[in-house]
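A look at the structure
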Amino acid sequence: MKLLSFLVLVSTLLLASCTEPSPSQAGAQSAQAVNVVAVESQKLDTVLSLPAQIIPYETVDIYPKVTGFIETIRVDRGSHVRAGEVMIRLSAPELLAQRAQAEASLQSAQSQLSAAQAKLASDEGTYQHLSAAAKTPGVVAGNDLQVAEQGAAADRAQVEAATNNIRAAQDALRSVQQLESYLEIRAPFNGVVTLRNLHPGALVGPASGTPGAQPIVQVEDLDRLRLVVPVPEAYTAGIREGQQAAFSVPAYPGRTFHAPIARIAHDVTQNTRTMAVELEVRNPDAQITPGSFATVEWPIQRSYPTMLVPSTAVTTDLQRTFVIRVRQGKAEWVDVKTGVTVSGKTEVFGELQPGDIVVANATDAIRPGTSLSTRPVSSPAPGT
């Protein structure tokens, strides 16, 4: 009986020793299984789709420079105009009266000049005659010669004053003539009339200081367009004038246009953190309509290599942004700053080295020091 009890005890101990895991096995069973990837280092060279807007190269609202009534309008919405072409003619009867007055003032000044010149010629002749006679002693009194000389000098002053009056009258007449030229409103450049607000008979005047004043017409240059791209701050590096970019517009689905970068703002707008960049679009056949939205395939390039990880490898706990690096089977949080995200991969900047192993699907639930069981996975290259 004692022998039987002993055998049962030995069997129990042997069974327990066979089923109890070793320390290494226990550690392996408690480790959290995660997918991991290696940190990559490469020069970024890809394209991103950015929204943009097409606006005219030049656009102007046409206001009159003088007050008058619209007599005729030769253009309407959609009319093509050439630079210098008369579009609108105004009438202002008061300018006719001003011109008549200016012409009369000029004629009066010219008459005064003629009279002053005639008197000067007469008095200078008298002075010269007396001066010649005074060479013979006793023929001419010295006082008479002096009076004649002063009279001639006064006449010269009158001629100069009359000449100045003529100049002033000529300037006044030219001013009225200039105002009259404003009665014809001409196109400032080649373009298309895109708006017409007023019609013949309307009273118009200069817009300055007139609340609610509206332009007579609006003219836009459609042969050249500006494609304005608000480029996010993170994508502004490496932009250069002349660089080509592709874009598309909703009116032509499936069709791609190309245009060079023509103007760069070199200033980031604070409220949007974007920088305006303009592409110059040639539009001789007026296919592309100003005001349209466009999608630009924006080139993103780095002149130096940066580190990239899958976007899912970057996480945050609302206080810090980090990736989880795996070292010696343990989790380690590494703070990073993020850059461009392309095709599921994000640039990261921090205490990382190319080849470091990071958790592919990071979460703040994986605390620093957690034991990890890793399983490598691959990810597509950026831009593919």
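Our structure is the block above this text.
Now for a description of the structure that goes with this document. Within every chain, residues take consecutive numbers counted from 1 along the sequence as written. Local features in a predicted model are, by the rule used here, given only for residues with pLDDT of at least 70; side-chain atom pairs are given and counted only at 80 or more, and totals for whole chains, interfaces and linings are based on all residues. Only heavy atoms go into the side-chain values, all of them from the structure, while hydrogens and water stay out.

**Points about the sheet that holds strand β6 (residues 86-91)**
- For two strands to be treated as a pair, DSSP must find no fewer than two bridges joining them. Helix numbers and strand numbers start at the N terminus; a helix is a DSSP run of H or I with at least 4 residues, a strand a run of E with at least 2. Taken in spatial order, the four strands of this open sheet run β7-β6-β4-β9, and their pairing is antiparallel. The strands lining the two open edges of the sheet, one partner per strand, are β7 (184-186) and β9 (203-204).
- Inspection of the sheet shows β6 paired to β7 by three bridges, in the antiparallel sense. In the sheet register, I88 faces β7, and the bridge partner there is I185.

**Some words on the packing of aromatic side chains**
- Pairing of aromatic side chains requires ring centres within 6.5 Å, counting the rings of Phe and Tyr and the six-membered ring of Trp. Pairs whose planes differ by under 30 degrees are stacked, by over 60 edge-to-face, and all others tilted. Taken as a whole and judged by the stated rule, the model has three aromatic pairs.
- Note on Y252 and F257: the rings are 5.9 Å apart at their centroids and 75° apart in plane angle, and the pair reads as edge-to-face.
- Relative to W333, the ring of F322 has its centre 4.0 Å away and its plane inclined at 15°; by these criteria the two rings are stacked. Here the residue F322 occupies a position in strand β17 (residues 321-327), and W333 occupies one in strand β18 (residues 330-342), the gap between them amounting to 11 residues.
- The rule is simple: take the accessible area with a 1.4 Å probe, protein chains only, and divide by the maximum for that residue type; under 20% is buried, over 50% is exposed, in between is partly exposed. W333 gets classed as buried once you look at its relative accessible area, which sits at 11%.
- Each member of the aromatic cluster is reached from another via a ring pair, and the members are F247, Y252 and F257.
- Think of it as a cone above the ring: NZ of Lys or CZ of Arg counts as a charge over the ring if it is within 6 Å of the ring centre and within 35 degrees of the ring normal. Geometry around Y57 places R224 over its ring, the cationic atom sitting 3.7 Å from the centre.
- Its guanidinium or amino end placed over the ring of Y57, R226 lies 4.4 Å from that ring's centre, counting from NZ or CZ.

**Re the pairing of strand β13 (residues 274-282)**
- Buried residues dominate β13, accounting for seven of its nine residues.
- Summarising the sheet, strand β10 (residues 217-232) and β13 pair through nine bridges and their orientation is antiparallel. Residue pairing in the sheet places L225 in a bridge with V281 of β13.
- Two strands pair when backbone bridges link them, and strand β12 (residues 257-269) and β13 are joined in this way by five bridges, in the antiparallel orientation. Directly across from T269, in β13, lies its bridge partner T274.
- Turn length for the β12-β13 hairpin, with the two strands adjacent in sequence and antiparallel, is four residues, and the turn residue R273 shows positive phi of about 55°.

**Thoughts on the environment of R367**
- Looking at where R367 falls in the secondary structure, it is placed in the loop between β20 (357-359) and β21 (372-376).
- With a relative accessible area of 45%, R367 lands in the partly exposed category.
- Measuring from C-alpha to C-alpha, the distance between R367 and E332 comes to 7.9 Å, with 35 residues separating the pair along the chain.

**Side note on the pattern of salt bridges**
- Note on definitions: salt bridges are taken to be side-chain nitrogens of Lys or Arg within 4 Å of carboxyl oxygens of Asp or Glu. Going through the model one piece at a time under the given rule, you end up with 17 salt bridges.
- In this structure, K345 and E40 form a salt bridge, with 2.5 Å as the shortest nitrogen-oxygen distance. Here the residue K345 occupies a position in strand β19 (residues 345-350), and E40 occupies one in strand β2 (residues 40-42), the gap between them amounting to 305 residues.
- A salt bridge links R273 to E233, with the shortest nitrogen-to-oxygen separation between them at 3.3 Å. In this pair, R273 sits in the loop between β12 and β13 while E233 sits in the loop between β10 and β11 (244-248), placing the two residues 40 residues apart along the sequence.
- Given the relative accessible area of 39%, E233 is considered partly exposed.
- In this structure, a network of salt bridges that share partners links the residues R224, R226, R263, E278, E280 and R282.

Shape is all these values report; function is a separate question.
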